[in-house]
Amino acid sequence: MPIPNRNVRAQSDKRMDGLNGGGTPANLPKIIASPTRPTVVIDGDCLAMVSGTTLTALKRLTSGEWTDVPFDYGTNPGTLHTEGTYYGWFNNGVLVAIYVYENNTIKQVAPGANSFYIDEVPTDEASVGDYWLNIDNLQSCNLYQVQRLEQGETTPGWTTLYNVAVPVVYVQATEPSGAGVKPNAWWIQAGGQSFYDKTIVSVKQYEANYGWVTRCTPGGSGSGDLTINIDYAIVVDKGNVI
């Protein structure tokens, strides 16, 4: 998946029908490549379409989808008396809050625990399950970290899956090279001419000023002990996340 695309899957394209035309629709995560952390949207947030002092449409995020809701608008939420109807409250010509009439009570839904957006949500909006590729800029697109938005006990939070402090591990016969090799990366040099021969010839670590430095040479004539503890190892280059 090319990193330069800031938002490789549009919000409207997050649902994919079951294979062969049947099955339950699946909510697919977005992958957002951006220098700045995406805005988090959660179920219950509101999207209001405003023309002057007229509320022309109102949507609420429900199960990851922006869904139209019945609404009214004006300068006095106290006129609400219809169950399940939302109200856009204008003050001095500006939309400032969203209310709803539920269980014979008028309640403010946004701003508060939920947010509301006018005319459009941020370009790089994310919801639970989405991924953020933190890049330096949209030109060079060097990758700093990969995070996933996960649901916490009360609010969503970002969990780091990859960052530059976590070493990448290469397992191959030939020497890894190129600008994508970062300091502290590990190279487990596999011997043999066959794809199935994974005999370890040596284990090396990349140092910025020296290149690949041998840490261990296993085998009968080798020497050195080595322990590598890694929580995540993700192979990354500028064009792809694998």
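Here, every reference points to the structure presented above.
Undergrad: Can you lay out the packing of aromatic side chains for me, pointing to particular residues and giving the numbers?
TA: Per the counting criterion, the structure on display carries six aromatic pairs. Both rings, one in Tyr-73 and one in Phe-90, keep their centres 6.1 Å apart while their planes meet at 65°; by these two values the pair is edge-to-face. Taken together, the positions of Tyr-73 in strand S8 (residues 71-74) and Phe-90 in strand S9 (residues 86-91) put the pair 17 residues apart, joining distant regions of the chain. Classification of Phe-90 as buried rests on a relative accessible area of 4%.

Undergrad: An account of the pattern of salt bridges is needed here, citing residue identities and associated values.
TA: Scanning all chains against the criterion turns up five salt bridges. Asp-68 serves as the salt-bridge partner of Lys-59, at 2.9 Å between the closest nitrogen and oxygen. Among the residues examined, Asp-68 registers a relative accessible area of 52% and is labelled exposed.

Undergrad: Can you lay out the sheet that holds strand S11 (residues 105-110) for me, pointing to particular residues and giving the numbers?
TA: With mixed pairing, the four strands of this open sheet are ordered in space as S8-S9-S10-S11. Among the strands making up the open sheet, the edge pair consists of S8 and S11. Sheet twist, expressed as the average angle between the axes of neighbouring strands with direction ignored, equals 30°. By the bridge criterion, five bridges tie strand S10 (residues 94-102) to S11 in an arrangement that is antiparallel. Within S11, the position partnered with Tyr-99 by the bridge is Gln-108.

Undergrad: I'd like a rundown of the nonpolar core, residues and numbers included.
TA: Of all hydrophobic cores here, the largest spans 15 residues; its most connected members are Leu-133, Ile-135, Leu-143, Val-146, Tyr-162, Tyr-170 and Trp-212. Contributions of two or more residues to this core are made by strand S3 (31-34), strand S14 (131-135), strand S15 (143-151) and strand S16 (156-163). Core analysis: the second largest hydrophobic core is formed by 13 residues, Ala-48, Tyr-86, Val-109 and Phe-116 among them.

Basis of the calculations
- Per chain, the residues get numbers from 1 upward, laid out in the order the sequence is written.
- This being a predicted model, a pLDDT of at least 70 is required before a residue's local features are given, and a value of 80 or more before pairs of side-chain atoms are given or counted; all residues contribute to the totals for chains, interfaces and linings.
- Side-chain numbers here rest on the full set of heavy atoms in the structure, without hydrogens or water.
- To pair, rings of Phe, Tyr and Trp, with the six-membered ring standing in for Trp, must have centres within 6.5 Å; the planes then decide the type, stacked if under 30 degrees apart, edge-to-face if over 60, and tilted in the middle.
- Helix and strand definitions follow DSSP, with helices as H or I runs of at least four residues and strands as E runs of at least two, each counted in order from the N terminus.
- Accessible area is worked out with a 1.4 Å probe on protein chains only. A residue is then buried under 20% of its type maximum, exposed over 50%, and partly exposed in between.
- Any carboxyl oxygen of Asp or Glu that lies within 4 Å of a side-chain nitrogen of Lys or Arg is treated as forming a salt bridge with it.
- Between any two strands, pairing holds if DSSP finds at least two bridges.
- For helices, the fitted line uses only the C-alpha atoms of the stretch in contact; every axis is such a line through C-alpha atoms, and the angle between N-to-C directions lies from 0 to 180 degrees.
- By nonpolar core is meant a set of buried Ala, Val, Leu, Ile, Met, Phe, Trp, Tyr and Cys residues that side-chain atoms within 4.5 Å join together.

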